Amino acid sequence: MTDTINTLKSRRSCKKFDGRPVAEEQLNIIIDAGMYAPTGMGRQSPIMVAVQDEETISRLSRMNASIMGSDTDPFYGAATVIIVLADKNIPTYLYDGSLVMGNLMNAAEALGVQSCWIHRAKEEFESAEGKALLKQWGIEGDYEGIGHCVLGYGEKAPLKPRKDNYIYRV
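Presented here is a report on the structure given in the accompanying data block.

What counts and what doesn't
- Residues numbered from 1 in each chain as written.
- Predicted model: local features only at pLDDT ≥ 70, side-chain atom pairs only at ≥ 80, totals over all residues.
- Heavy atoms only, no water.
- Salt bridge = Lys/Arg side-chain N within 4 Å of Asp/Glu carboxyl O.
- Helix = DSSP H or I, 4+ residues; strand = E, 2+ residues; numbered from the N terminus.
- Buried < 20%, exposed > 50% of the residue type's maximum accessible area, 1.4 Å probe, protein only.
- Polar contact = N/O pair within 3.5 Å; in protein donor to acceptor, adjacent residues only side chain to side chain.
- Pairing = 2+ DSSP bridges.
- Phe/Tyr/Trp six-rings, centres within 6.5 Å; stacked < 30°, edge-to-face > 60°.
- Axes fitted to C-alpha atoms, helices over the stretch in contact; angles between N-to-C directions.
- Parallel < 35°, antiparallel > 145°, perpendicular 65-115°, else oblique.
- Left-handed = near helix turned anticlockwise from the far one by under 90°.
- Contact = heavy atoms within 4.5 Å.
- Nonpolar A, V, L, I, M, F, W, Y, C, P; charged D, E, K, R; others polar.

### Here's the deal with the pattern of salt bridges
Here is step 1 of the chain: Summed over the entire model, instances satisfying the criterion amount to seven salt bridges.
Here is step 2 of the chain: Between E109 and K156 there is a salt bridge whose closest N-O contact spans 2.9 Å. Placement of the pair is E109 in helix α4 (residues 93–110) and K156 in strand β6 (residues 154–156), with a sequence separation of 47 residues.
Here is step 3 of the chain: On the basis of relative accessibility, which here comes to 13%, the residue E109 falls in the buried class.
Here is step 4 of the chain: Ionic contacts of the salt-bridge type, sharing partners, join the residues R59, R62 and E129 into one network.

### A few points about the environment of D53
Here is step 1 of the chain: Mapping D53 onto the fold places it in the loop between β2 (46–51) and α3 (54–67).
Here is step 2 of the chain: Note: C-alpha distance between D53 and T4 (49 residues apart in sequence) is 31 Å.
Here is step 3 of the chain: A polar contact is formed between the side chain of D53 and the side chain of T56, at a distance of 2.6 Å.

### Digging into the pairing of strand β5 (residues 143–152)
Here is step 1 of the chain: In terms of residue burial, β5 counts as a mostly covered element, since ten of its ten residues are buried.
Here is step 2 of the chain: Of the pairings in the sheet, the one linking strand β3 (residues 80–87) to β5 comprises eight bridges and is antiparallel in character. The residue of β5 that forms the bridge with T80 is L151.
Here is step 3 of the chain: Note that strand β4 (residues 114–118) and β5 share five bridges and pair antiparallel.

### Examining the packing of aromatic side chains
Here is step 1 of the chain: Evaluation of the coordinates by the stated rule reveals one aromatic pair.
Here is step 2 of the chain: With a centroid separation of 6.2 Å and an interplanar angle of 50°, the aromatic rings of F125 and W137 are classed as tilted. Of this pair, F125 sits in helix α5 (residues 121–126) while W137 sits in the loop between α6 (128–136) and β5; the two residues are twelve residues apart in sequence, bridging distant segments of the chain.
Here is step 3 of the chain: Of the residues examined, F125 reaches a relative accessible area of 3% and is grouped as buried.
Here is step 4 of the chain: On the basis of relative accessible area, W137 is assigned to the partly exposed category, the value being 25%.

### Remarks on the sheet that holds β5
Here is step 1 of the chain: The strand order β2-β3-β5-β4 describes an open sheet built from four strands, whose pairing is antiparallel. Single-partner strands in this sheet number two, and they are β2 and β4. Ignoring strand direction, the axes of neighbouring strands in this sheet form an average angle of 25°.

### Regarding the packing of α3 against α6
Here is step 1 of the chain: Look at α3 against α6: their axes get within 11 Å of each other, and the N-to-C directions meet at 155°. In this view, α3 runs roughly antiparallel relative to α6, as classed from their interaxial angle. Of the two possible hands of crossing, α3 and α6 adopt the one that is left-handed. Where α3 approaches α6, its residues R59, L60, R62 and M63 are matched on the opposing element by E129, G130, L133 and Q136.
Here is step 2 of the chain: Tallied by class, the residues present in the contact of α3 with α6 amount to three nonpolar, two polar and three charged.

Here it is in structure tokens:
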């Protein structure tokens, strides 16, 4: 089996990070993989915001937790977050952004970096506070939050057996 297939089969979400940020060289490779995700008609609707600033991650974590009615850290202590947003004016934006998220997580796995997809980016960046952050970062346009790819080092969730009716052949 190829290394690529092994990576795809071994990637699991991490829900307990040790707080170390991803090294710049690894982060650049992961981001680059995200940039090469397929997009509908090659329109490249997604954008990514890489965050390693502790204060910004804390703010995003608080916003995200508030949406789900919690006061725990939904980022599980990750010190690196890549926010994926996509241009809502492009019909395939949701799929495009989802493929970017997949590429980010699979590239991280290939480099020995753990990851997890954290939802609620849509609600975060629809809020006044989220819109203010986008403006502060110089992001203009009609973008929807697709997800947060939290990255770092820690414990991956164990492999769950695949369900019996996963595939139907016709």
